[in-house]
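Below are the chains, spelled out letter by letter.
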Amino acid sequence: MASLKEILTRRPVAATVRLTIPAGGAKPGPPVGPAVGQYKVNLMAFCKDFNARTQKYKPDAPISATVTVFKDNTFELNVRSPSVTWYLKKAAGIESGSGRAGHAVASTLTLKHVYEIAKVKQADPYCQYMSLEAISKSIIGTAKSMGIKVEKDLD
């Protein structure tokens, strides 16, 4: 249960906005401006904060961000790494997965690729307590559903 001090210091939330923005590509224009600006958030402060947090990713990487806007026009920004499907498509060198997953193979990856993706995803807040093995199994399942075959090593 929350203590009395925590309850009294909570700030009332005006809105929660979920965005997908290219890494380092937040600008005050669309899609960021209309989505966040309608709650009277300082757009330049938001863009600078987002771009600073995402500078370690490639510029074209789609970053999922959750913005919690408070009644006093301040915000809290949570940034996640790019999705597993984006990493798998980049590693396999394909634009999209197979239309018939399980029947047609779109591409092939090695376990080394899967392990590297799992190491990156382990830094995400929702995966930080999962083992690398569990994250790797999840990535292999995602690859299978995209029609990407995972092998021990390529010949």
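Residues numbered from 1 in each chain as written. Predicted model: local features only at pLDDT ≥ 70, side-chain atom pairs only at ≥ 80, totals over all residues. Heavy atoms only, no water.

## So, the nonpolar core
Next up, step 1: Core analysis: the largest hydrophobic core is formed by 35 residues, its most contacted members being L19, F46, L88, I139 and I148.
Next up, step 2: Not counting the four nearest positions on each side in its chain, L19 is found in contact with P31, A35, V36, F46, I63, S64, A65 and V67. (Core = buried A, V, L, I, M, F, W, Y, C linked by side-chain atoms within 4.5 Å. Buried < 20%, exposed > 50% of the residue type's maximum accessible area, 1.4 Å probe, protein only. Contact = heavy atoms within 4.5 Å.)

## Some details on helix α5 (residues 111-121)
Next up, step 1: V114, I117, A118 and K121 are the residues of α5 that are buried. Each buried residue of α5 lies within a common arc of 105 degrees when the element is viewed along its axis, so the set occupies one face.
Next up, step 2: Where α5 is buried, its residues touch α4 (84-92), β4 (107-110), α6 (132-145) and β5 (148-151). (Helix = DSSP H or I, 4+ residues; strand = E, 2+ residues; numbered from the N terminus. Arc of directions from axis to C-beta.)

## Re the UniProt feature "domain: Large ribosomal subunit protein uL11 C-terminal" (unreviewed entry) in the chain
Next up, step 1: Summarizing the sequence annotation, UniProt attributes the feature "domain: Large ribosomal subunit protein uL11 C-terminal" (unreviewed entry) to residues 81-150 in the numbering used throughout.
Next up, step 2: From the first C-alpha to the last, residues 81-150 spans 22 Å; its make-up is 49% helix and 10% strand. (UniProt positions renumbered as here; feature names shortened; annotations may be inferred.)

## As for the UniProt feature "domain: Large ribosomal subunit protein uL11 N-terminal" (unreviewed entry) in the chain
Next up, step 1: Listed under "domain: Large ribosomal subunit protein uL11 N-terminal" (unreviewed entry) in the UniProt record, and renumbered for this structure, are residues 17-75.
Next up, step 2: Here residues 17-75 runs as 29% helix and 27% strand, with 10 Å between its end C-alpha atoms.

## Regarding α6
Next up, step 1: If you check α6, its first and last C-alpha atoms are 20 Å apart, about what 14 residues at 1.5 Å a residue would give, namely 20 Å.
Next up, step 2: Packed against the buried residues of α6 are α4, α5 and β5.
Next up, step 3: Positive backbone phi, approximately 85 degrees, marks G147, located one or two places after α6. (Expected span 1.5 Å × (residues − 1).)

## Re the sheet that holds strand β2 (residues 62-70)
Next up, step 1: Across the sheet, 3 strands lie side by side as β1-β2-β3; this open sheet has antiparallel pairing. Single-partner strands in this sheet number two, and they are β1 (13-22) and β3 (75-79). The average undirected angle you get between the axes of adjacent strands in this sheet is 20 degrees.
Next up, step 2: Bridge count for β2 against β3 is 5 bridges, and the pairing is antiparallel. (Pairing = 2+ DSSP bridges. Axes fitted to C-alpha atoms, helices over the stretch in contact; angles between N-to-C directions.)

## Brief notes about the packing of aromatic side chains
Next up, step 1: Applying the stated criterion across every chain, the model contains 3 aromatic pairs.
Next up, step 2: Ring geometry for F46 versus F75: centroids 5.7 Å apart, planes at 70 degrees, classification edge-to-face. In this pair, F46 is assigned in helix α3 (residues 43-53) and F75 in strand β3, connecting sequence segments 29 residues apart.
Next up, step 3: A residue is classified by how much of its surface remains accessible, and F46, at 0% relative accessible area, is buried. (Phe/Tyr/Trp six-rings, centres within 6.5 Å; stacked < 30°, edge-to-face > 60°.)

## Observations concerning unusual backbone geometry
Next up, step 1: Residues P30 and P31 are joined by a peptide bond in cis, for which omega reads 0 degrees.
Next up, step 2: Positionally, P31 belongs in the loop between β1 and α2 (32-37).
Next up, step 3: Of note in the backbone geometry, K40 takes a positive phi value of approximately 60 degrees without being a glycine.
Next up, step 4: Mapping K40 onto the fold places it in the loop between α2 and α3.
Next up, step 5: Positive phi outside glycine occurs at N73, with the angle close to 65 degrees.
Next up, step 6: Mapping N73 onto the fold places it in the loop between β2 and β3.
Next up, step 7: What makes N73 partly exposed here is its relative accessible area of 35%.

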